[in-house]
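Residue-level listing of the chains:
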Amino acid sequence: MPYTFTRSQALFERAARSIAGGVNSGIRKMEAPVPLYFAKGSGANLWDVDGNHYLDFQLGQGALLYGHAPAGMADAIAAQAKLGTHWAAQCELEIEVAERIQKMIPAAELVRFSNSATEVVLTAFRLARAHTGRKLILRFEGHYHGWADEGLVGFANPMDKWGDDENPARLHPSKGVIPEVLEQFVVARWNDPEHLRRMVDRYRGQIAAIIFEPVLCNTCCLEPVEGLMSTIRELCDRDGMLMISDETITGFRFGASCAQGYYGYRPDLTVLGKAVGGGTPFAALAGTKAAFAKILSGEVIHAGTLNANPLCLAASKWSLDEVLAQGASHPANLKRLGQRLMDGLVALGREHGVPLRPQGPGLVFHAVTLKPGVAEGPIKDYRDYVRRHDAPRWAHLRRCLLEEGVRAIERGLWSISFAHDEGQIDAALKRATIAFRRHSATWQAPA
Ligand SMILES: Cc1ncc(COP(=O)(O)O)c(C=O)c1O
């Protein structure tokens, strides 16, 4: 029998009377049929308040590279909690974490800690503007850099307002932002190095930095095309711009040296979130000494009461040691497991007439469901994704999967953790078989 969510429904109705909108992050409202309430997690397993068990590929929006509630991390946090939960001052742990990041990421000559990647992105922009004396940041369509005014320009542009391919619109999906924020950005299409060159040339001398998700995980898990990273590096070096790699999702997931090691490029600044804190509110800016110069000189302010909180540092130190302990098997192991899951989902799609085309390098991937009649072949950018991905169909399939105990991120992203193994991948595929059958039997395209 498909799962039911009676208790989650009741809690959500209760929450709506005290919590604005019933949730504490807008995106959580996307979960259908109702935002779920969880009771317990362990490894790759998750249980909700209705007693439903899930094999989890949502993994705290990708933060839980180590699975749910790893015992070692719980012990590390508990031990620290007994010594102090918050000092707003220095402790040796913060040096230990910083030294680990230095050791793992060659471009991390220095670091600064914050509570969220949203804040880290803002720090990076401030540094880049101070470094260059310029105001513009170049970013790419469909990339997500946090929910602040400056993080969301060009993120989810509606199709009727895209602008032509050479002039992507500068739009913001939220009301209430500072109107002038749109003028601080240049929006380019992803995965087109020649278009990027033209955009940089058009604004030459005005751009402080280029920021990007090295794998566009927030739209369809699009890996960079050959030559894109080297083009960004070359343009940044040529024009004195900073290269900002937003590794909030890819950081440590793609190996100890992150996506920059995996794809072989060296940014000036790196945004680290999610896995660096193992699921605690912790994030880091890493970068070269030159890029940090304006913080070193005291001209750029970066502050925060809870920055480098010792509980988060304890979780981070444990997490980074866990990544280091994987040695050469990481990320190959995660890739192999992810590929097994992708292959299994494709086979189920074929069997049940579902045009599912998972895309991505395996350790993280996106479940594309093609619209009827569109071309086959890999999706290449945000526009291509919106044109070819059947979002309502994926939402229906995702709900069927959820009701059979397989949980992916609402918008279609799947992540693998160190806690997954072949047995769990196969168990998820077994559950998915029923979900695909139900989906095929009940899916009706909107009229
Ligand atoms: C690439 C990227 N950058 C920045 C952020 C913002 O991170 P946070 O939610 O920790 O503020 C996210 C969050 O998902 C992200 O995926």
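Structure: see above.
Residues numbered from 1 in each chain as written. Predicted model: local features only at pLDDT ≥ 70, side-chain atom pairs only at ≥ 80, totals over all residues. Heavy atoms only, no water.

This brings us to the layout of surface pockets. Taken as a whole, the second largest pocket spans an internal volume of roughly 260 Å³. Looking at the second largest pocket, it is lined by 13 residues, and the ones nearest its centre are Gln90, Glu94, Phe113, Asn307 and Ala308. Elements supplying a minimum of two residues to the lining of the second largest pocket: helix H4 (92-104) and strand S4 (110-114). (1 Å grid on protein atoms, 1.4 Å probe; cavity = no way out; pocket = protein on both sides within 12 Å on 5 of 7 lines; lining within 4 Å. Points joined across faces, edges and corners; volume = space filled by probe spheres on them. Helix = DSSP H or I, 4+ residues; strand = E, 2+ residues; numbered from the N terminus.)

The residue Glu94 is located in helix H4 in this model. Buried charge Glu94 goes without a salt bridge, the closest partner of opposite sign being Arg112 at 8.9 Å. (Buried < 20%, exposed > 50% of the residue type's maximum accessible area, 1.4 Å probe, protein only. Lys, Arg positive; Asp, Glu negative; His and termini not counted. Salt bridge = Lys/Arg side-chain N within 4 Å of Asp/Glu carboxyl O.)

This part takes up the site of the ligand. Around the ligand sit Ser116, Ala117, Thr118, Tyr144, His145, Gly146, Glu213, Asn218, Asp246, Thr248, Ile249 and Lys274, and that is every residue in its neighbourhood. Ala117 is positioned with one of its backbone polar atoms (N or O) 3.1 Å from an oxygen atom of the ligand. Between the ligand and Thr118, the relevant distance is 2.5 Å, taken from an oxygen atom to a side-chain nitrogen or oxygen of the residue. For the ligand, the protein covers 82% of the area, taking 390 Å² as the surface of the free molecule. When the residues that make up the shell around the ligand are grouped by side-chain class, the tally is three nonpolar, six polar and three charged. (Near = heavy atom within 4 Å. Polar contact = N/O pair within 3.5 Å; in protein donor to acceptor, adjacent residues only side chain to side chain. Areas by Shrake-Rupley, 256 points an atom, 1.4 Å probe, with all protein chains shown as cover. Nonpolar A, V, L, I, M, F, W, Y, C, P; charged D, E, K, R; others polar.)

This part takes up the pattern of salt bridges. Scanning the entire structure with this criterion turns up 28 salt bridges. A salt bridge links Arg407 to Asp56; the nearest nitrogen and oxygen atoms lie 3.9 Å apart. You can see Arg407 sitting in strand S13 (residues 406-407) and its partner Asp56 sitting in strand S3 (residues 53-56), a full 351 residues away along the chain. Of the residues examined, Asp56 reaches a relative accessible area of 0% and is grouped as buried. The shortest N-O distance in the salt bridge between Arg197 and Glu234 comes to 2.9 Å. Residue Arg197 is found in helix H6 (residues 193-202), and its partner Glu234 is found in helix H7 (residues 228-239); the two are separated by 37 residues along the sequence. Classification of Arg197 as partly exposed rests on a relative accessible area of 22%. Sharing partners across several salt bridges, the network here consists of Glu31, Asp56, Arg398 and Arg407.

As enumerated under the stated definition, the model contains 16 aromatic pairs in all. When the ring of Phe140 is compared with that of Trp190, the centres are 5.2 Å apart and the planes differ by 75°; the resulting orientation is edge-to-face. With a gap of 50 residues between them, Phe140 in strand S5 (residues 136-140) and Trp190 in the loop between strand S6 (185-188) and H6 connect regions that are remote in the sequence. Accessibility classification places Phe140 together with Trp190 in one group, the buried group. Members of the aromatic cluster, each reached through a chain of ring pairs, are Phe57, Phe365, Trp394 and Trp414. Geometry around Trp47 places Lys40 over its ring, the cationic atom sitting 4.9 Å from the centre. (Phe/Tyr/Trp six-rings, centres within 6.5 Å; stacked < 30°, edge-to-face > 60°. Lys NZ or Arg CZ within 6 Å of the ring centre and 35° of its normal.)

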